[in-house]
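Commentary on secondary and tertiary structure
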Amino acid sequence: MPPFLAERHHCHHIALFTFHRSCQTTVTTMTSDNPPANLDDPQNVRRWLQSNHPKQFALLDNFEIELRLGRFSSSREGSVAAGAQGSSTSSRYQYGRDRRLVTTRTVELLRAIIGPTRWKTAAQLLTLLRGLGNELHAAGGYREPAIGNVVRRIMYAVRDEADRVSIPTSSGVDDMEKIDELTEHVSSKLRVSAGKELSLASMLWAHPQHVTMKHSRQQSGDYSDRLRSDSMGSESGGNATSSIDGWDANGAIYPPHFYSRRDDLRQSVMEAIQEMMSELEDLHKNINEQATQHIHAGEIILTYALSKTVELFLKAAAAKKRKFQVIVCEGAPHFGGHSMAKSLAEAGIDTTVIHDAATFAIMARVNKVLLPAHAVLANGGLIAPSGSNMVALAAKQNSVPVVTVAGMFKLCPMYPHEGQDTLNDLISPSSVIDYSLMGDPVLSGVELINPVHDYIPPQLIDLYITNIGGFQPSYIYRLLAEYYHSDDWEAFE
Amino acid sequence: MVSLFSHLPRPKIPTDVHHHLSSLSTPSLHPAIPTLGNLYSTHALLGGNTRCRAMLQTFALLLQSYSPPPTSRDYRHDLDHSLLKPSFQYWTMCRPHSVSMGNAFSFLKLAVANLERDLEWDVARGILLESMEAYVTERIDYAGKAISRHAGSKIQEDGDVILVFGRSEVVNRLLLDAALVEKKVFRVIVVDSRPLLEGRDTLQILSRAGISCTYILLNALSYLMMREVTKVFLGASALMSNGSVLSRVGTACVALLAQSNHIPVLVCCETYKICNRVQLESITGNELGDADDVACTDCERVGPSNRCSSDRERKEEVLEDWKNQPNLKLLNLIYDLTPSDFVTGVVTEVGILPPTSVAVLLREMSPQENNESAFKGTD
């Protein structure tokens, strides 16, 4: 079979095969040599879970299997129907239709693993999370960037909680004294990166990552001057030379107070996770509250292909009795636009379906463009269904505002260094041209390309509507600092 | 139907057309007329050149079997009234005529008007047939060769990656000439769009000639455009006198993407397709196709563009019962307008010109009409 026709389920079969093999090898190493797996290295996480927490390990395995098989890519009813129709929909690549479901299940899984397992220190928890992130990424999380995002968010929450109060536990001293001691302790150690004394004003303006810790000499020679920079890919501790235990193979160094035992950390981390869960649940509600600000009567709105977020947004505006028209581009070759249009029409919205080719022709009459988001990048750029770049360019040409509706879990801490290949995937071209043509000797030499996503540069987007409000693309990088720690930016490769 | 487009002509079923016309007081039509009309309305004939040639051939056939009534005072008037006008009207009702057809028809009427009043009918017919023949040969065939030469000179010897959209007779011809006659080595990316999927024909033609091709749908264009494309060749249905190009829907998107990536766009068009209309955007003058073509998502057809025929086994469509849903409308535009700033050059038989020179060409080509009005009173 020609290489460019590698089918999706082939990949799945191969993935499952290697997955089984890796299970086998893990089992054999377990029985043959037995150093107790420590939670000090992300690569040990699997073994650690397997030996200490078999129930959680089973949960993780199941989740990974479902992720690889792509069972999260449609809702329950959708997958049942897909099964019934068999081969006709297997060629239609339903690419992550219910992303919120995947994300919610990921958070539930993480909660189920973090809650009962026996980690003691913040550093161990972070290592556990990092290991889980690697696992999920390898299991197909690269197709769904939201999975990596929630893991990073939990890691940020952990760091935040660990930094907040670093009192060693079980001391019967009076609380107030302890807090006073702590304040002095902390303020003597903290120095803002510019080298000035710590003051309220400097704290307000300093980026959290710019606050460094000063340490005694014996710990690490180069640690004291380490600045955590804002930019991506900071080589955190790459030049670690010390041989102190607890520094994992990736070279990630955590501040020393992360290595002290914390019993109250579990509680606060679980609360943070719960906050994230409720944010995910209320996602659409929060986004739809802004619907009436942006959609007004008599407008003609253009949207592209299928997106649950956009659909609910438009329906919310219609529910508030705004009369507007929607034009949906069908989004060949997946034709998501057809289902979207049907659903919108059933909700009473005046909908028209057009071919993608007619986008420029119709743009002269459109008032607003609403694009769905697969991921939002750190520079404010957008990863959207393939064909959206053309829509955005046509809108720019006609001075039509382009608005993207996205939940914050889609915000990824990465830059589009690969251009159009960022977070992109080339899938089977069977939906572009029928396989029966490939038998024709003349046509079998033709190259067929079927990308799933497009990268849209930030200057083509006018507004991001998210569950925490509306932002312009140039502000997105600032939001990253509130959600992710720059040490966690590197992808879980 | 969509209210924005209520001013545009809508597709009609051929039986309706026939009933309508037979209710008029014309004598029975020659069978060639509804045959051609049927070919037009079912999209069996697509493309400006094809439709124009077919029309002129049918006129030639009609002329062969026509003889003016003995009581006529002016055979030219009768010819016009009883043959030319009704048939053209009929075909326009089947499918709105293209600019190429319109210009050819104007030429034919002019040729009839220029005939001597007291000429024998046989002689007159001979002259008419000759001039139609000359029109096709000069303004379509020779023009195509000249365009192929001019545009072919822009293709480099080795390593070009050329992008084409849909199916254009003149673009295919120039690529085949460059590959087979001048033995240049280049790759072609064929971009296709629904619903007509004409790019499949282009793919077949070019692949059989041994040119290495890539085939994508329009959505994948933005992924490929920046990486490798060096030039874009587009065909046209008509050139407006303000330099904008009327062509198959989707052409404007291709030109837009190319221009935003600073890739040259060459529009290949014969001069007989230049029209003295001015159009600002795609909606004021367009044509609506059959809305069911939008609902039918069968992307797996090959060969001459054919519609969803009911005898083939069809899979379930999401929008199959769209007619029952009052809020849902389907829109199938046939043409779109590419603004002149997206076009780097227009390749005609007289050379490669900037799009702003199209108005000049128009004036040059029809001197007697324009100059009369401009220089009335002098001389």
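Residues numbered from 1 in each chain as written. Chains lettered and ligands numbered in written order. Predicted model: local features only at pLDDT ≥ 70, side-chain atom pairs only at ≥ 80, totals over all residues. Heavy atoms only, no water.

Chain B has the name Translation initiation factor eIF2B subunit delta in an unreviewed UniProt entry, where Cyclotella cryptica is given as its organism. UniProt's Sequence similarities (unreviewed entry) comment on chain B is quoted here verbatim: "Belongs to the eIF-2B alpha/beta/delta subunits family." Within the UniProt record for chain B, the comment given under Subcellular location (unreviewed entry) is "Cytoplasm, Cytosol". (UniProt positions renumbered as here; feature names shortened; annotations may be inferred.)

An unreviewed UniProt entry annotates chain A as Translation initiation factor eIF2B subunit beta originating from Cyclotella cryptica. Word for word, the UniProt comment on chain A under Subcellular location (unreviewed entry) is "Cytoplasm, Cytosol". Checking UniProt for chain A, the heading Sequence similarities (unreviewed entry) contains the comment "Belongs to the eIF-2B alpha/beta/delta subunits family."

1. What to know about the overall build of chain B
The secondary structure content of chain B amounts to 13 helices and 12 strands. In chain B, which comprises 379 residues, the proportion classed as buried is 54%. By element, 53% of the accessible surface of chain B is carried by carbon and sulfur atoms, the whole surface being about 16,700 Å². (Helix = DSSP H or I, 4+ residues; strand = E, 2+ residues; numbered from the N terminus. Buried < 20%, exposed > 50% of the residue type's maximum accessible area, 1.4 Å probe, protein only. Areas by Shrake-Rupley, 256 points an atom, 1.4 Å probe, with all protein chains shown as cover.)

2. So, the overall build of chain A
Regarding its fold elements, chain A presents 18 helices and 13 strands. The proportion of buried residues among the 493 residues of chain A is 54%. At a minimum sequence separation of 6, the contacts of chain A that also span at least 24 residues come to 77%. Total accessible area computed for chain A in this model is approximately 21,600 Å², and 53% of it derives from carbon and sulfur atoms. (Contact = heavy atoms within 4.5 Å.)

3. Comments concerning the environment of Ala 272 of chain A
By secondary structure assignment, the location of Ala 272 of chain A is in helix 11 (residues 264–281). For the pair Ala 272 of chain A and His 355 of chain A, spaced 83 residues apart in sequence, the C-alpha to C-alpha distance is 45 Å.

4. Some remarks on the interface of chain B and chain A
Counting residues at the interface gives 60 residues for chain B and 58 residues for chain A. Counting the surface chain B buries against chain A, the share from its top three residues, Asn 219, Tyr 223 and Asn 327 of chain B, is 15%. Note that Arg 194 of chain B is salt-bridged to Glu 330 of chain A, the shortest N-O span being 2.9 Å. Across the chain B-chain A interface, the total number found is 20 residue pairs in polar contact (both at pLDDT 80 or more). Put simply, the parts of the chain that give the side of chain B that touches chain A at least two residues each are helix 8 (199–208), strand 3 (212–217), helix 9 (221–228), helix 10 (251–260), helix 11 (292–295), strand 9 (328–330) and strand 10 (335–338) of chain B. (Buried area = accessible area lost by both parts, 1.4 Å probe. Salt bridge = Lys/Arg side-chain N within 4 Å of Asp/Glu carboxyl O. Polar contact = N/O pair within 3.5 Å; in protein donor to acceptor, adjacent residues only side chain to side chain.)

5. Quick word on the domain arrangement of chain A
Residues and elements named next belong to chain A. As far as domains go, chain A holds domain 1 (3–166) and domain 2 (283–484). With 21 residues of domain 1 at the contact, the number on the domain 2 side is 30 residues. Here domain 1 and domain 2 share an interface that buries about 2,300 Å² over both sides, 61% of which is from carbon and sulfur atoms. Scanning the region where domain 1 abuts domain 2 turns up 3 residue pairs in polar contact (both at pLDDT 80 or more). (Domains from an automatic or database assignment.)

6. Some details on the sheet that holds strand 11 (residues 453–456) of chain A
The strands that make up a sheet are held in pairs by hydrogen bonds between backbone atoms, and each pair lies either parallel or antiparallel. Residue and element names in this part refer to chain A. The strand order 7-8-11 describes an open sheet built from 3 strands, whose pairing is antiparallel. With partners counted over all chains shown, the strands left at the sheet margins are strand 7 (375–376) and strand 11, one partner each. Strands in contact with helix 17 (residues 388–397) are strand 8 (382–385) and strand 11; relative to strand 11, the strand with the most contacts, it is inclined by about 35 degrees. (Pairing = 2+ DSSP bridges. Axes fitted to C-alpha atoms, helices over the stretch in contact; angles between N-to-C directions.)

7. Some points on the UniProt feature "coiled-coil region" (unreviewed entry) in chain A
In the numbering adopted here, UniProt assigns the feature "coiled-coil region" (unreviewed entry) to residues 266–293 of chain A. Annotated as residues 266–293 of chain A, this span is 89% helix and 0% strand, and its ends, taken at the C-alpha atoms, are 40 Å apart.

8. Section: the pairing of strand 7 (residues 265–268) of chain B
Residue and element names in this part refer to chain B. The two faces of strand 7 match: Val 265 and Val 267 on one face and Leu 266 and Cys 268 on the other face are all buried. As paired elements, strand 4 (residues 231–235) and strand 7 share 4 bridges and run parallel to each other. Its bridge partner being in strand 7, Phe 233 is matched across the sheet by Leu 266. Judged from the 3 bridges that link them, strand 7 and strand 11 (residues 345–348) form a sheet pairing that is parallel. Pairing of Cys 268 across the sheet is with Val 347, part of strand 11.

9. With respect to the nonpolar core
For soluble globular proteins, the rule of thumb is that nonpolar side chains tend to be buried together. Grouped together as the largest cluster of nonpolar side chains are 88 residues, with contacts concentrated most on Leu 302 and Val 369 of chain A. Here the element with the most residues in this core is helix 10 of chain B; it accounts for 7 residues. Beyond its immediate chain neighbours, meaning those up to four positions away, Leu 302 of chain A contacts Ile 327, Cys 329, Ile 354, Thr 359, Ile 362, Met 363, Val 366, Lys 368, Val 369, Leu 370 and Val 391 of chain A. If you look at the next biggest cluster of nonpolar residues, it comprises 72 residues, including Leu 110, Val 151, Phe 313 and Ile 465 of chain A. (Core = buried A, V, L, I, M, F, W, Y, C linked by side-chain atoms within 4.5 Å.)

10. Observations concerning the packing of helix 6 (residues 99–114) of chain A against helix 7 (residues 122–141) of chain A
In a pair of packed helices, the angle between the axes and the distance between the axes together describe the arrangement. All names here are of chain A. Packing of helix 6 against helix 7 brings their axes to within 12 Å, and their N-to-C directions diverge by 140 degrees. Taken as axis vectors, helix 6 and helix 7 run oblique relative to one another. Here the hand of the crossing between helix 6 and helix 7 comes out right-handed. Contact residues: helix 6 offers Thr 106, Leu 109, Leu 110, Ile 113 and Ile 114, while helix 7 offers Leu 125, Leu 128, Leu 129, Leu 132 and Leu 136. Of the residues contributing to the contact of helix 6 with helix 7, the split by class is 9 nonpolar, 1 polar and no charged. (Parallel < 35°, antiparallel > 145°, perpendicular 65-115°, else oblique. Left-handed = near helix turned anticlockwise from the far one by under 90°. Nonpolar A, V, L, I, M, F, W, Y, C, P; charged D, E, K, R; others polar.)

11. Here we look at the packing of helix 4 (residues 75–94) of chain B against helix 5 (residues 99–113) of chain B
Residue and element names in this part refer to chain B. As a packed pair, helix 4 and helix 5 sit with axes 10 Å apart at the nearest point and diverge in direction by 170 degrees. Regarding the angle of helix 4 to helix 5, the classification is roughly antiparallel. Across from Arg 76, Leu 79, Asp 80, Leu 84, Lys 85 and Phe 88 in helix 4, the residues of helix 5 making contact are Met 101, Gly 102, Phe 105, Leu 108, Lys 109, Val 112 and Ala 113. In terms of residue class, the contact of helix 4 with helix 5 is built from 8 nonpolar, 1 polar and 4 charged.

12. Some details on the pattern of salt bridges
Residues and elements named next belong to chain B. One pass over the full model with this rule turns up 19 salt bridges over all chains. Between Arg 76 and Asp 74 there is a salt bridge, with the nearest N and O atoms lying 3.2 Å from each other. For Arg 76, a relative accessible area of 18% puts it in the buried group. Note that Lys 184 is salt-bridged to Glu 182, the shortest N-O span being 3.4 Å. Since its relative accessible area comes to 38%, Glu 182 is described here as partly exposed. A network of salt bridges, in which partner residues are shared, links Arg 53, Asp 141 and Glu 169.

13. A word on the environment of Tyr 259 of chain A
Assignment of secondary structure puts Tyr 259 of chain A in the loop between strand 2 (211–213) and helix 11. The spatial distance from the C-alpha of Tyr 259 of chain A to the C-alpha of Ala 162 of chain A is 9.8 Å, given a sequence separation of 97 residues.

14. So, the domain arrangement of chain B
Residues and elements named next belong to chain B. Domain boundaries assigned for chain B yield domain 1 (9–143), domain 2 (148–285 + 336–369) and domain 3 (291–324). Distance from the C-alpha centre of domain 1 to the C-alpha centre of domain 2: 29 Å. At the interface, 16 residues of domain 1 touch 17 residues of domain 2. For the pair domain 1 and domain 2, the two sides together bury roughly 1,400 Å², of which 47% comes from carbon and sulfur.

15. With respect to helix 14 (residues 308–319) of chain A
Residue and element names in this part refer to chain A. Spanning 12 residues, helix 14 covers 16 Å between terminal C-alpha atoms, matching the ideal 16 Å at 1.5 Å per step. Within the sequence span of helix 14, burial applies to Thr 309, Val 310, Glu 311, Phe 313, Leu 314, Ala 316, Ala 317 and Ala 318. In this structure Ser 307 caps helix 14, since a side-chain oxygen of it lies 3.4 Å from the backbone nitrogen of Thr 309. (Expected span 1.5 Å × (residues − 1).)

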